[in-house]
Structure formats: structure tokens, C-alpha cells
Amino acid sequence: MKIFWQKFHFSRSFSVISGGSEYVRGGKFIRRGKMWKLAGIFEEKIDPAHPGNAWKKVAKSVGKAEFCAVTGKISDASFFRFQSAEMSSASQRGAVDFELPRHVLQVPEKYCTQFCPSGRIPDDPSGIIVNAAVFPEKSIREFASFLNDAGVQADEYVFPLLALDEENDTLYLPEIDPEFGYVRDSWMPMPNAECVKANVTVWENRLRKRFILPRGENFVFADFLQLLLAASVVVSGKFRNEPEAFRVLPDNVRPVRFRGHLIMSGLLVLLLVVSLIWRFTLTYGGDITAYRKITSEIKQLKHKSSELKAANKRSSKELKEMNRLVSMTVGEAEAIAEFALISEKLPKDVLVSSIRWNETDIDVVMQSEDGNFDYDALFRPLKMWKVTQQQRQNPGSAVATITLKLTPYNPKEQSKK
């Protein structure tokens, strides 16, 4: 909503509906260069039994606009002006709340405020005059409920006296208060008819410089003064600069614009996306299918290659083991006889725990109580084997472990046997 206000100076049209005690009047404004033209005026007399009908007829006659404001009397509303300084709307609202007890006899428990700057202070360059309107929250809810019942939707309510400034600080507006008028900085009793007429003439001369108004018997300026005052606040730029300062109507009264446009835009975007997907499928669908097929085949080939590598590795290992077995010699046919000869030479207190016949020698592990026994002399009479290595372990214990390596005197001849 704030973005809308910030861009309001680019708008081309707006409308205002003004409610009085006897008539409801409406006007539609269209931009013409730097001025605004009151292009259409509408008026309906209020039926006391059904006052909402006049509002409904005028709203229908005015039609849709980029912005719609309503104005008129709200029960127990108050208006005052005070001196302040330039500040943000949030800070200025605090100043309004601070000044409220000084200007209002009885401050409502819950209230809403509208305020805007209305000129400079002559002897204070940094100071400004602020217009402030105060409405009981209950009265705003009743007014909003009345608009809902009448089927009238509006972007905002504008209190007409907010149009007061340093150029025109006097306003007699019987539609708001038939007994008092606002003169300079206070409420004063309503003067005679000639003074009221003179004040209307002053405002007419001013507002005709800002608006292109009809000329003729069908247009009575005094009847549309309240409407034009609200319109002058709308076009002054105060809405655009500080929209939060005017916000009093609840959201349920505000029109929801561009809903149909948004729905249609969403559908068009959806159709565009579907169209792009369909076109992409037609253009690249075959390539995508072929790519997926090739990717699948590559995965299968990689898997098969891994299986073949694993099988090849297993076959190589088995072949290596078979080659090792093939390269081994057949063995010694007379090994048992040789072992018998070795056994005969060993003393009875020697235990052979391990013996292995290699291709060219014999490894023997024995255990004996005598760790210093001379095994070289023991095997020398065999004439075929000699002790080439002799290791003793645990020589100081009760049982010693002796490791011998027996090598034939002629390994080549021994291997031929």
C-alpha cells in the first residue's frame, strides 16, 4: 500500500464521496496536465429510513477509480492545530498524542488520528503548523460498518478541515458542525450567512486554481465544498509523503484492486511455463532420451569391466599358484630311509619336534637335556650329510632347543637322487 501512495503522483484519476445530513455527493477527478478536472458530479438525497441507499447509488455512479476517498461527519470527532517541528510521521504522531489533552475536553479511551503539516511558523524557520483530527475508535468502526452495509469501499477517509493552511486558516463548514466554525487556531461560533458566503467565495477562488470545475447552474460550489476540500488534501502530496498519518479506516472497507489481473497473470505465467516445458521437450526430448540410454550403457559397461578385472585378478592369482606348484621338484623317494638313518644316530634323550626336507637341505628342530651335545660329530659318520648351521636356544634351561641345517656333501648329486 505504501508503494501505491509513493507513486500516487503518477495516477490519472481518483474519486471522492462526501456525505452530509441531507445529500451524498460524489466527484470523479481526471488529471489534465498540472491540474485536476472534476469530470463528473453526482448527487443523491438521503432517505432517513435508508441512508445507505444514497451512498450506494453515488458510489455506483462514480464508478471505479485508482483511488477513492470518503469524507463527511464522524460523531465525536475533534480538530485542532498546533506548532511543532518537522519529523517523521511516527514521531509526529507522538506529538499529536502529547498535544491532545490540551485541545480536547475529554480524550477518548481509544482513538485514531489524522494529521498533516499545514504551513510554516513566520518567526520560526524550523517550525511548522500541524493539523490534527481525532476520532473515537468506536465512531470509526460504526462509520466503517455503515459503509460496508451500504456496499461502499474506500481507500481512506479524509477529514475536510485538514485542508486548512497558512493561506486559508478560516473555514465554516455546516456539514461538519452547524454551530461552530474554525477561525485561525480555535473554534468560534458560526457567524451570519454573509460571512459564511464570503468564506465560501475565498475557498472557491483558491480551489478553482487547483481544479478545473464546472461552470453553470447545475454546479453549486458551496454544496461541493466539503468534497473539494478532501480532494485538495489528496492532490496536495501529503498522502504520498506520509500515508501512515492518514490511516484510520479498517482493512475490511478498503477495495482489493487488481485481484482479477493477478489471477489472470498467474494463469498466463503458468501457461507460459507449460508451453516452454513442452517446447523444450519437443526440441531436446530425443537428445535427452539418447543421453540417458548412453549413460545407462556406460554404467553397465563399467560394471562389466569391473567384474572382468576382478575375475582376471583371481585367475592370475590361481595361475601364479599353479606355476609355483609346477616348478616345485617331485621330492625325495628315499626320504624315509634317510630319516631312519638320522633317527638311529640321535641319542635317546633327543626329541625331534620338526623336520623338513627342502630341495637341497634338511631343517631339523630338536629338544634335548644336553644343550652342548656335538651334533656335527654325530652326523659325520653318515658320509652324506654335514651340519652347516647349528643354533641353540635356552642353553641354560633344563631342555635346550637345537636347530640344525643338514646339507649334503654334493648337493647336485643329492638332488639327482
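Rules and cut-offs
Residues numbered from 1 in each chain as written. Predicted model: local features only at pLDDT ≥ 70, side-chain atom pairs only at ≥ 80, totals over all residues. Heavy atoms only, no water. Pairing = 2+ DSSP bridges. Helix = DSSP H or I, 4+ residues; strand = E, 2+ residues; numbered from the N terminus. Axes fitted to C-alpha atoms, helices over the stretch in contact; angles between N-to-C directions. Parallel < 35°, antiparallel > 145°, perpendicular 65-115°, else oblique. Left-handed = near helix turned anticlockwise from the far one by under 90°. Contact = heavy atoms within 4.5 Å. Buried < 20%, exposed > 50% of the residue type's maximum accessible area, 1.4 Å probe, protein only. Arc of directions from axis to C-beta. Core = buried A, V, L, I, M, F, W, Y, C linked by side-chain atoms within 4.5 Å. Salt bridge = Lys/Arg side-chain N within 4 Å of Asp/Glu carboxyl O.

### Considerations on the sheet that holds strand S10 (residues 180–183)
Link 1 in the chain: Pairing is antiparallel in the open sheet, where 3 strands are placed in the order S9-S10-S11. On the outer flanks of this sheet lie strand S9 (170–171) and strand S11 (186–189), each paired with one strand and no other.
Link 2 in the chain: Direction of pairing for S10 relative to S11: antiparallel, over a ladder of 4 bridges. What sits directly across from Val183, in S11, is Ser186.

### Overview of the packing of helix H2 (residues 51–62) against helix H4 (residues 137–150)
Link 1 in the chain: Viewed as axis vectors pointing N to C, H2 and H4 meet at an angle of 65°, and their least axial separation amounts to 8 Å. Considering the angle they form, H2 stands roughly perpendicular to H4. For H2 against H4, the interelement crossing comes out right-handed. Within the contact between the two elements, H2 uses Pro51, Gly52, Trp55 and Lys56 and H4 uses Phe143, Phe146, Leu147 and Ala150.

### Remarks on helix H9 (residues 335–345)
Link 1 in the chain: What H9 keeps buried is the set Ala335, Glu338 and Ile342. In an axial view of H9, the angular spread of the buried residues amounts to 65°, which keeps them on one side of the axis. Seen from the buried face of H9, the exposed residues on the opposite side, beyond 90 degrees, are Ile336 and Glu344.

### Observations concerning the nonpolar core
Link 1 in the chain: Phe29 and Leu228 are the most contacted members of the largest nonpolar core, which totals 74 residues.
Link 2 in the chain: Among the elements that line this core, the one with the most residues is helix H6 (residues 225–235), at 8 residues.
Link 3 in the chain: Those residues in contact with Phe29, other than ones at most four positions away along the chain, are Arg12, Ser13, Phe14, Val16, Trp36, Lys37, Leu38, Phe211, Leu227, Leu228 and Ala231.
Link 4 in the chain: In terms of nonpolar packing, the next biggest core, distinct from the first, is built from 16 residues, Ile342, Tyr375, Phe379 and Val387 among them.

### Examining unusual backbone geometry
Link 1 in the chain: Although it is not a glycine, Asp76 adopts a positive phi angle of roughly 65°.
Link 2 in the chain: Phi at Arg184 takes a positive value of approximately 60°, unusual for a residue other than glycine.
Link 3 in the chain: Tracing the backbone shows Arg184 in the loop between S10 and S11.

### Considering the environment of Arg392
Link 1 in the chain: If you trace the backbone, Arg392 turns up in strand S15 (residues 385–393).
Link 2 in the chain: Beyond its immediate stretch of four places on either side in the chain, Arg392 contacts Gly371, Asn372, Phe373, Tyr375, Thr401 and Ile402.

### Here's the deal with the pattern of salt bridges
Link 1 in the chain: Under the criterion given, the structure shown has 14 salt bridges.
Link 2 in the chain: A salt bridge links Arg25 to Glu43; the shortest N-O distance between them is 2.6 Å. Residue Arg25 is found in strand S2 (residues 23–32), and its partner Glu43 is found in strand S3 (residues 35–45); the two are separated by 18 residues along the sequence.
Link 3 in the chain: Given the relative accessible area of 11%, Arg25 is considered buried.
Link 4 in the chain: One connected set of salt bridges, linked through shared partners, spans Glu156, Arg247, Asp251 and Arg254.

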